[in-house]
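Per-entry structural report
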Amino acid sequence: MQRLMRASEGRDAYTEQVALHATRHEFPISPGYLRALMAHLSEAQAQGAQITPKEKGDRLEAIARYLTSLLPGCVPRANLLSADKAFESDIVVANVYTQPTVISDLFGRYILVECKNYTQPVDVARVGYFLHRMRMVHAPFGIIFASRSVTGSPLTEDEQAARSLIRRAFHEDGSICVVVDQDDLERLAEGQISFYWLLHSRYEEFRFGTVRDTLP
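All values derive from a computational prediction rather than experimental measurement. (Residues numbered from 1 in each chain as written. Predicted model: local features only at pLDDT ≥ 70, side-chain atom pairs only at ≥ 80, totals over all residues. Heavy atoms only, no water.)

Attention now moves to the sheet that holds strand E1 (residues 74-81). Within the open sheet, the five strands sit side by side as E1-E2-E3-E4-E5. Their pairing is mixed. Of all the strands in the sheet, just E1 and strand E5 (176-180) have a single pairing partner and so form its edges. On average, adjacent strands in this sheet sit at an angle of 25 degrees to one another, irrespective of strand direction. Along the sheet, helix H4 (residues 53-68) contacts E1, strand E2 (88-95), strand E3 (110-116) and strand E4 (141-146); its crossing angle with E3, the most-contacted strand, is approximately 150 degrees. Relative to the sheet, helix H9 (residues 195-208) contacts E4 and E5, its axis offset from that of E5 by approximately 130 degrees. (Pairing = 2+ DSSP bridges. Helix = DSSP H or I, 4+ residues; strand = E, 2+ residues; numbered from the N terminus. Axes fitted to C-alpha atoms, helices over the stretch in contact; angles between N-to-C directions. Contact = heavy atoms within 4.5 Å.)

As structure tokens, then:
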């Protein structure tokens with residue numbers, strides 16, 4: 001993990017080593033480590049106004065960095081400021097494998113990640129700004145880690161809801177944004193699904209829909 005944190009500061013020997021091996025499409029989660037990160041996040045949520053919004057966001061970012069580092073060949077880098085200083089990205093995940101893989105084929109070479117540790121679902125304005133930044137950096141795939149998810153329901157078409165805006169962005173330019181919330185983190189910690197397969201299933205559901213037998 002320490003090598004990963006050093007790699008997030010820039011390209012180093014760890015990044016170069018990762019780039020040369022493309023034999024796996026996922027690494028297993030350490031339930032104990034993920035649980036520890038989630039407990040740290042829960043403490044921040046319980047403390048409320050006693051800690052700053054940045055500190056709350058940093059704890060969710062730690063989870064996002066850990067999970068994205070489990071995608072082989074992927075190196076997350078945090079808090080990147082654009083060249084013109086117009087915006088800052090919470091996390092940019094670079095796929096540094098030298099050969100194409102299923103991950104680069106599905107998600108592209110760069111994944112943009114946003115972390116929102118709010119007590120309410122993330123609203124349409126904040127999701128819209130993230131989708132705008134995806135377009136600005138030409139990232140075809142984005143992940144929003146949101147403790148309380150985003151506004152709207154997968155089963156409704158509320159035009160004012162964030163989920164509707166995410167679907168509209170896909171129809172307009174093909175970009176895909178998936179949401180990972182607290183319930184997803186619990187499933188990951190319990191070993192019900194791996195992070196790669198969580199992203200893969202959301203990707204397919206977004207593009208092609210859900211199998212009829214699984215609909216409520």
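This part covers the packing of aromatic side chains. A complete count under the given rule lists seven aromatic pairs for this structure. For the pair Tyr33 and Tyr66, a centre-to-centre distance of 4.9 Å together with 70 degrees between the ring planes defines the contact as edge-to-face. Here Tyr33 is found in helix H3 (residues 31-47), whereas its partner Tyr66 is found in helix H4, with 33 residues between them in sequence. Note on Phe170 and Phe206: the rings are 5.3 Å apart at their centroids and 80 degrees apart in plane angle, and the pair reads as edge-to-face. Taken together, the residues span a long stretch of sequence, with Phe170 in helix H7 (residues 162-173) and Phe206 in helix H9 at a distance of 36 residues. Here Phe170 falls in the buried class, since its relative accessible area comes to 19%. Residue class for Phe206 comes out buried when judged on its relative accessible area of 11%. The ring of Phe206 carries the charged tip of Arg167 above its face, separated from the ring centre by 4.6 Å. (Phe/Tyr/Trp six-rings, centres within 6.5 Å; stacked < 30°, edge-to-face > 60°. Buried < 20%, exposed > 50% of the residue type's maximum accessible area, 1.4 Å probe, protein only. Lys NZ or Arg CZ within 6 Å of the ring centre and 35° of its normal.)

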